[in-house]
Each structure stands twice: as C-alpha cells, then as structure tokens.
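Coordinate inspection notes
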Amino acid sequence: MSDNKQEIEVLLPPAVAYDEFKRYSAILSAAGLTPGEADFVHLRKRSIDARGRQPLVRLRADIYHTPPPAGLFGPWFQYPDVRQAKRSVIIVGAGPAGLFAALRAIELGVRPIVLERGKDVRTRRRDLAALNKDHIVNPDSNYCFGEGGAGTYSDGKLYTRATKRGDVGRILRLLVQHGATPDILVDAHPHIGTNKLPLVVAALRESIRQAGGEVRFDTRVTDLVLDESRLRGVVTASGEALEADAVILATGHSARDIYELLDRRGVLIEAKPFALGVRVEHQQQLIDQAQYRLPDRGQLPAASYSLVHQTHWQGQQRGVFSFCMCPGGFIVPAATAPGEVVVNGMSPSRRDSRFANSGIVAAIEFEDMDLRQHGALAGLRLQEQIEQRACHLAGNTQLAPAQRLGDFLKKKTSSELLETSYQPGLVALSMDEVLGTGLAERLRQGFRNFGQKIPGYATNAAQIVGVESRTSSPVRIPRDRDTLEHPQVRGLFPCGEGAGYAGGIVSAAMDGERCAEAAFNSF
C-alpha cells in the first residue's frame with residue numbers, strides 16, 4: 001500500500017459483485033473504509049471461484065485515496081500519417097495478426113498495404129447468410145475468410161496463455177479504444193462476442209486508412225514476386241504485381257491455396273501436428289448446474305469448462321481435450337470450399353443461447369499422417385479427406401453428420417437427434433464412419449473420462465456434430481527465432497495462426513505486432 005493507493009482482493013457473492021454500487025461499497029468495507037474516505041476504486045481483475053459450496057466472484061481492486069493518475073485511463077494510441085513514408089510492407093490477410101501488424105507498422109512509420117481475399121465485415125454477412133440458409137460456400141468469403149478473419153463471426157474469446165510473446169494488456173487496450181467493452185480489461189476470461197466484434201474490426205480498419213495505410217478487399221494473392229532468394233512482393237488474382245520492402249504473411253489456418261503456392265514455388269514449409277474431432281452440444285442449463293451446483297445460475301455468467309484426458313489406443317498415447325468452448329453459443333458452418341463440412345463454435349456477447357458447445361478433439365501427430373505421399377501437406381490432406389467424407393455421407397450440402405453422445409459411446413447410430421443451434425441442420429450418422437476407427441475410439445475414451453468429471457455430460461442429453469477440424473494450422477511456415485524472417489526467403493515474415501505461431505485472437509495480434517517490428521528492423 002502506498003499513501004495514495006491501497007490494493008485489495010475480496011470474494012463476493014455474485015449478486016454483489018455484478019452490481020456496480022454494491023461492489024463499490026463491499027470493496028471499501030473490506031478495506032475498512034467508507035465511501036467518503038476513498039476517491040476512486042479501480043477494478044483490476046474479476047474471476048469466478050466455484051470450488052466452494054456457493055460460487056463466489058474474486059475481485060482485485062486498487063483503492064485511490066486521492067485522484068488516480070491520468071495514465072490509468074489511457075492515453076489512447078495515436079498514429080502518425082504514413083502516406084509519404086519511405087518504407088512499405090505488404091500484409092496478406094486482415095485477421096487479427098494482419099490488422100495489428102498494420103497498426104504497429106504505422107506506429108513505426110511504415111506504410112502498410114493490407115490485402116484481404118474476402119469482403120469487409122458488413123458485406124461478408126450476406127455470404128454467411130447464404131451459407132447458413134442456402135448451403136452456398138463462397139471460397140473467398142465465409143466464417144474463416146473476410147475482414148477480421150475467423151474470430152470476427154465465430155466468437156471473440158480473448159483469453160490467452162501466450163503472455164511471454166507480447167503485451168496482452170496493450171492488445172486489450174487497443175481493442176477497447178476501437179469499441180470493445182472495457183470489461184475485457186478485468187475479466188479473467190475476456191470475451192467480446194460475435195455480435196460486437198464486427199464494429200471493432202471495422203474501427204481497426206478505419207484507423208489504418210486514416211493514417212494513410214491501405215486495406216484492399218476481394219484481393220486474393222495467387223503468386224509471389226521472387227528475385228532469387230528475396231521476396232519483392234506478390235501477385236493478385238487480377239494479375240497486378242505489388243512490391244514492398246517486406247511481406248508479412250498472415251493468412252490464417254485455412255488458406256490452403258497459400259500453402260500449396262509456397263510448396264509449388266519451392267518456399268520451405270513443414271508439416272505440423274494439429275487436432276481434429278467433433279463439436280459436442282449440451283443444454284447450457286446442464287453445464288450451469290454441473291459447474292455452479294445451483295438450480296439456477298442467477299447473475300452468474302453462462303458456465304464453461306475445460307477438459308483433457310490422455311488416451312491409449314494400439315500402443316500410442318494421444319491427448320483428447322476441449323477446444324474453443326462456447327457457453328451460451330451456437331455451432332456454425334466453417335467450410336471454406338464446396339464439398340466439405342466443417343463446424344466451429346461462437347458466442348454472442350451476452351452468451352444467452354440455450355446451448356453450450358465445445359470442440360472435443362484428439363491430437364494428430366506425424367504418425368497419423370501420410371508424410372511419404374504428401375510431404376509437408378500431409379496434415380492438410382488428412383483434414384480435407386475427413387471434411388469431404390463428412391460432406392459426402394451427410395448428403396453433399398452443409399448438413400452436418402451428428403450422433404447423440406450416449407449412442408456414440410455404445411457405437412449405435414441415433415434413431416433421432418436433439419434440437420440444435422446449427423442452422424443448416426443435422427443428419428444422423430455413425431461418427432466412426434466419418435472420422436475413422438482410431439480417431440473415434442480416442443474420442444470415446446475422452447468422453448467417458450469427461451462424463452466422470454461433469455455429471456450428465458456423456459449421455460444422450462448431448463450430441464456430437466462433425467467435423468471440428470480447423471483447430472490450428474496443419475502446416476508451419478518456418479522462420480528464424482530472432483529475426484522472424486523465413487530462413488531461406490529474405491523479406492518474408494510468416495505470421496500468426498496460418499504460419500503456426502498463434503492460437504487465438506490475442507496471440508495472433510501479438511504475433512502480428514512482433515512481425516511488424518521484425519520487418520522494420522530488417523530495413
């Protein structure tokens with residue numbers, strides 16, 4: 001404690017913790033103060049502690065006895081005008097890695113040229129509607145491709161363990177500056193929500209443009225401008241060649257044509273382990289009751305879970321784990337090409353859907369891929385094979401194969417399915433036929449273990465929907481550990497999830513900033 005600031009941590013009932021006036025009074029009371037004895041209470045962290053008989057909310061706060069420092073609320077980031085900048089960088093992809101790379105480049109006085117194969121957030125909605133309602137997959141505009149990348153319309157979770165890769169707080173403050181709720185600065189598992197992220201993404205784009213950067217939509221990269229071992233620029237689908245001092249490749253984990261382009265042009269890429277499985281869907285109330293041990297969650301947020309189990313099959317150990325858990329959310333179609341079925345999860349900011357869903361996936365290692373035949377693209381080909389099989393078995397539309405979870409554990413095709421949040425619809429199928437025996441058996445072992453941890457979890461009150469295959473990139477584009485530059489191609493900076501160096505919005509954004517700094521240092 002200083003003369004001005006007193007730090008305090010309290011455990012409060014939800015009815016107090018989520019009421020601004022009651023929370024303020026309770027924090028002061030815990031510090032032995034009355035409202036007149038403190039000038040300001042700054043909430044720093046909020047998390048839920050559900051280990052006891054009754055769930056409580058843990059709050060960490062700073063109590064200021066005199067006016068708090070001005071820096072507590074800013075300053076907001078200011079960007080210089082880079083229209084006349086001597087250096088420029090091409091950034092391929094307008095997901096979080098690409099957008100934050102562009103903003104950081106502007107801070108460094110470098111003019112960014114952002115190329116996005118998809119459409120802006122507003123126009124992109126029409127293609128998502130056609131995907132959900134009419135089963136039409138636009139290969140350049142879908143849940144994975146378009147302004148903001150996969151995160152824009154597929155959730156907005158901001159939790160990351162990659163705290164050593166950059167300044168998480170800086171990324172969150174930038175998001176708040178561009179319209180995100182300030183709650184993300186204090187919540188232990190911050191979340192913006194798919195209904196609010198489009199406005200944030202559009203604001204990020206406008207900051208880039210107002211500073212003199214360029215953002216182009218409907219601009220797909222089809223070739224590289226290579227000068228021996230130096231990347232000078234890129235060629236777009238229209239035939240235009242663009243050159244710059246460096247290229248940051250931030251295309252996301254589903255840009256298969258970029259991996260194939262690099263492989264075709266002799267740019268070194270590597271196969272990488274990833275994970276593959278299904279989405280499991282429950283009633284949110286079941287998860288709430290199991291996690292909070294209350295008949296009704298009241299003012300508590302929709303409950304989530306995190307599960308992991310080590311499985312053994314045919315002498316090999318593989319992890320099975322929950323991925324991208326979406327409380328109060330929806331399952332959405334995430335295919336990026338006709339003839340494949342892929343599912344993902346999302347939650348609106350209020351997380352008020354009746355459904356909870358999560359990816360439940362098994363690790364895919366090199367031994368599970370055909371490296372001899374497909375080389376660096378072996379994992380990608382395995383993804384394609386299972387996604388296309390799911391589409392074929394389900395009727396060659398965006399209907400997704402599904403099975404009630406209790407039936408899956410008994411290896412029994414479901415006679416009927418449950419109500420679902422997946423808008424295109426479901427088809428009852430054996431998930432063994434979709435995934436293959438080995439992967440299905442690993443998931444069965446995982447689900448049985450999870451059923452022991454969460455009452456009612458592994459029963460016919462839930463159903464699994466396939467396939468959850470885009471957990472991460474199955475390819476890594478190598479880069480030097482210090483310079484972040486490709487080891488063989490100068491001027492190329494692989495970045496974000498698509499290059500194999502991030503696993504979510506915040507980690508991708510931090511990697512984008514690092515790559516912008518690395519490109520600047522290379523000049």
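Scroll up for the structure.
Report on the accompanying structure. Each chain has its residues counted from 1, running along the sequence as written. Where totals are concerned, whole chains, interfaces and linings use all residues; where local detail is concerned, this predicted model gives features only for residues with pLDDT of at least 70, and gives and counts side-chain atom pairs only at 80 or more. With hydrogens and water set aside, each side-chain value is computed from the structure's full complement of heavy atoms.

1. A word on the pattern of salt bridges
Pairing of side chains with opposite charge becomes possible as their charged atoms draw close. For clarity, the threshold we go by: By salt bridge we mean one thing: a side-chain nitrogen of Lys or Arg within 4 Å of a carboxyl oxygen of Asp or Glu. Put simply, DSSP marks the helices as runs of H or I at least four residues long and the strands as runs of E at least two long, and each gets a number from the N terminus on. Here the term buried applies to any residue with accessible area under 20% of the maximum for its type, exposed to any over 50%, and partly exposed to those in between, with areas from a 1.4 Å probe on protein chains only.
A full pass over the atoms with the stated rule returns 45 salt bridges. The closest approach of N and O atoms between aspartate 140 and arginine 220, which form a salt bridge, is 3.5 Å. A residue pair is termed long-range when its members are at least 10 positions apart, and aspartate 140 in the loop between helix 4 (121–134) and helix 5 (168–177) and arginine 220 in the loop between strand 6 (214–216) and strand 7 (221–227) qualify at 80 residues. A relative accessible area of 22% means that aspartate 140 is categorised as partly exposed. Among the ionic pairs, arginine 470 bridges to glutamate 340, the shortest N-O distance being 3.0 Å. With arginine 470 in the loop between strand 20 (463–468) and strand 21 (475–476) and glutamate 340 in the loop between strand 15 (330–333) and strand 16 (343–346), this residue pair connects regions lying 130 residues apart in the sequence. Of the residues examined, arginine 470 reaches a relative accessible area of 6% and is grouped as buried. Beyond isolated ion pairs, a larger network of salt bridges with shared partners links Glu9, Asp49, Arg51, Arg58 and Arg60.

2. Quick word on unusual backbone geometry
With omega at -5°, the peptide bond leading from glycine 466 into valine 467 counts as cis. Mapping valine 467 onto the fold places it in strand 20. The phi dihedral of aspartate 218 is positive, around 50°, even though this residue is not glycine. Within the secondary structure layout, aspartate 218 lies in the loop between strand 6 and strand 7.

3. A word on helix 15 (residues 505–522)
Selection criterion: Residue count minus one, scaled by 1.5 Å, sets the expected span of a helix.
For helix 15, with 18 residues, the first-to-last C-alpha span of 26 Å sits near the 26 Å given by 1.5 Å per residue. Across the 18 residues of helix 15, 13 count as buried, placing the element largely inside the fold.

4. What about the sheet that holds strand 12 (residues 274–283)?
For sheets, the rule is that strands pair by backbone hydrogen bonds, running either parallel or antiparallel. Here is the rule: Only when DSSP finds a minimum of two bridges between them are two strands counted as paired. Convention adopted: a line fitted to C-alpha atoms gives each axis, helices being fitted over their contacting stretch, and angles between N-to-C directions are expressed from 0 to 180 degrees.
On the basis of which strands lie adjacent, the open sheet formed by seven strands has the order 13-14-17-12-20-18-19 and mixed pairing. At either margin of the open sheet sits one strand with a lone partner, and together these are strand 13 (308–313) and strand 19 (426–428). Averaged over all pairs of adjacent strands, the angle between strand axes in this sheet comes to 35°, irrespective of strand direction. The sheet contact formed by strand 14 (residues 316–326) and strand 17 (residues 355–364) spans five bridges and is antiparallel. Within strand 17, the residue paired with serine 322 across the bridge is isoleucine 360.

5. Section: the packing of helix 3 (residues 96–107) against helix 6 (residues 197–210)
Selection rule: An angle below 35 degrees is treated as roughly parallel, one above 145 as roughly antiparallel, one from 65 to 115 as roughly perpendicular, and anything else as oblique. Take the far helix as your reference; a near helix turned counterclockwise from it by less than a right angle gives a left-handed crossing, and one turned clockwise gives a right-handed crossing. The contact rule is simple, with two residues in contact once any of their heavy atoms fall within 4.5 Å.
In the contact formed by helix 3 and helix 6, the axes pass within 10 Å of each other and the chain directions differ by 30°. Classified by the interaxial angle, the pair formed by helix 3 and helix 6 is roughly parallel. Crossing hand, helix 3 versus helix 6: left-handed. Side by side, helix 3 and helix 6 meet where Leu99, Phe100, Ala102, Leu103 and Ile106 of the first sit next to Val201, Leu204, Ser207 and Ile208 of the second.

6. Describing the sheet that holds strand 1 (residues 5–12)
With antiparallel pairing, the three strands of this open sheet are ordered in space as 1-3-2. Of all strands in the sheet, those bounded by a partner on one side alone are strand 1 and strand 2 (40–49). On average, each strand axis in the sheet is inclined to that of its neighbour by 15°, with strand direction left out of account. Of the pairings in the sheet, the one linking strand 1 to strand 3 (residues 56–64) comprises eight bridges and is antiparallel in character.

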